[in-house]
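The primary structure of each chain is shown beneath.
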Amino acid sequence: MNWALRRINNEFTMLHYPLYKSDSDSFFQAQKNLTDYCLSLLHPLKNKDVLEIGCGNGIQALHINTHYHPSSLIGIDLNEANIEIANMVKKEANIKNVHFLIDDAQNLRHIPSNSVDVLLNIESAFHYPDKPSFLKEIYRVLKPKGQFLVADILSKRIKGRGIISIWKNKMHLNHWDYNSYVKEFKRSNLMNNHFEDISNQVKKGFKLYKNWLPPIKGRNFLQNMAFKFFYYVNIRLNLYLLSTRRSYCIFVGYKPDLSFN
């Protein structure tokens, strides 16, 4: 996916869905729209210690660092190839206060307890087989009164069976529904004070894809057509799923300060 997006956009882009803001938005701009909207739901990040869980190729983390000025930003991802790209792009940009590490969202070995002001998790949690452990880790690493934001693809249906179930296992998909999140937030002692379904704006963002495909450049016609086909199939699949089986939802909350109880 990293290299397909780079081929089509002539640069590495973020790895998450787009959010509609304007008909003239490029795919990358629509991705930035989603990041910026998520951050608008939080307190300002300036001079805060930020952790991004599931940072992918690091492009989103670098965008956040440039435009929101945290004191420090750590991005963790389980995929070694993603972290290699993140460190490469960081080195090219000569950025010192952002660090990328290989780590597991369900067991954050490199992140101390009570060390994070703001925790971000955008479009990664639906891959986690043990989300209760993930939420417990959020609670552990956040400072008292520290904020979290989880943007996840939720299921609107009963778990798939047969072929759908096999496909989801192959793709490492572990979707939760809304009630599962609410129940587990309570068990993990996290306070969830904002919920939002932004599926319609995400779908509207995807529908701009015809504006993105024509500029693809390259010397190999067949390879370009293959990239276009791959891109098109992924877009149409995501549009179908967001219209029938999935919803794009955001949870915002905080870790309560129990020292006053």
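Here, the structure is the one placed above.
Overview of the structure. Since this is a predicted model, take the numbers as computed values, not measurements.

### Digging into the overall build of the protein
- Within the protein, the regular secondary structure consists of 10 helices and 7 strands.
- Looking at the protein as a whole, 50% of its 261 residues qualify as buried.
- Within the protein, contacts between residues separated by at least 24 positions form 75% of all contacts whose residues are at least 6 apart in sequence.
- Counting every atom, the protein has about 13,500 Å² of accessible surface; 53% of that belongs to carbon and sulfur.

### What about the sheet that holds strand β6 (residues 191-197)?
- Here we have 7 strands laid out as an open sheet, ordered β3-β2-β1-β4-β5-β7-β6, and mixed in their pairing. The outermost strands of the open sheet, each flanked by one partner alone, are β3 (98-102) and β6. Pairs of neighbouring strands in the sheet enclose a mean axial angle of 15°, with direction left out of account.
- Along the sheet, helix α7 (residues 178-187) makes contact with β5 (142-155), β6 and β7 (246-254), crossing β5 at roughly 160°.

### Examining helix α4 (residues 80-93)
- For α4, spanning 14 residues, the distance from its first C-alpha to its last is 20 Å, which sits close to the expected 20 Å at 1.5 Å a residue.
- Regarding α4, the residues found buried are Asn82, Ile83, Ile85, Ala86, Val89 and Lys90. All buried residues of α4 project into a common sector of 160° when viewed along the axis, lining one side. Opposite the buried face of α4, at more than 90 degrees from it, the exposed residues are Glu84, Lys91 and Glu92.

### Here's the deal with the packing of helix α2 (residues 27-40) against helix α3 (residues 59-68)
- Where α2 contacts α3, the two axes come as close as 11 Å, and the packing angle between them is 60°. Taken as axis vectors, α2 and α3 run oblique relative to one another. As for the relative orientation of α2 and α3, their crossing is right-handed in sense. Each of Phe28, Lys32, Thr35, Asp36 and Leu39 in α2 lies in contact with α3, whose residues at this interface are Ile59, Gln60, His63, Ile64 and Tyr68.
- Split into classes, the residues belonging to the contact of α2 with α3 amount to 5 nonpolar, 3 polar and 2 charged.

Calculation notes
Residues numbered from 1 in each chain as written. Predicted model: local features only at pLDDT ≥ 70, side-chain atom pairs only at ≥ 80, totals over all residues. Heavy atoms only, no water. Helix = DSSP H or I, 4+ residues; strand = E, 2+ residues; numbered from the N terminus. Buried < 20%, exposed > 50% of the residue type's maximum accessible area, 1.4 Å probe, protein only. Contact = heavy atoms within 4.5 Å. Areas by Shrake-Rupley, 256 points an atom, 1.4 Å probe, with all protein chains shown as cover. Pairing = 2+ DSSP bridges. Axes fitted to C-alpha atoms, helices over the stretch in contact; angles between N-to-C directions. Expected span 1.5 Å × (residues − 1). Arc of directions from axis to C-beta. Parallel < 35°, antiparallel > 145°, perpendicular 65-115°, else oblique. Left-handed = near helix turned anticlockwise from the far one by under 90°. Nonpolar A, V, L, I, M, F, W, Y, C, P; charged D, E, K, R; others polar.

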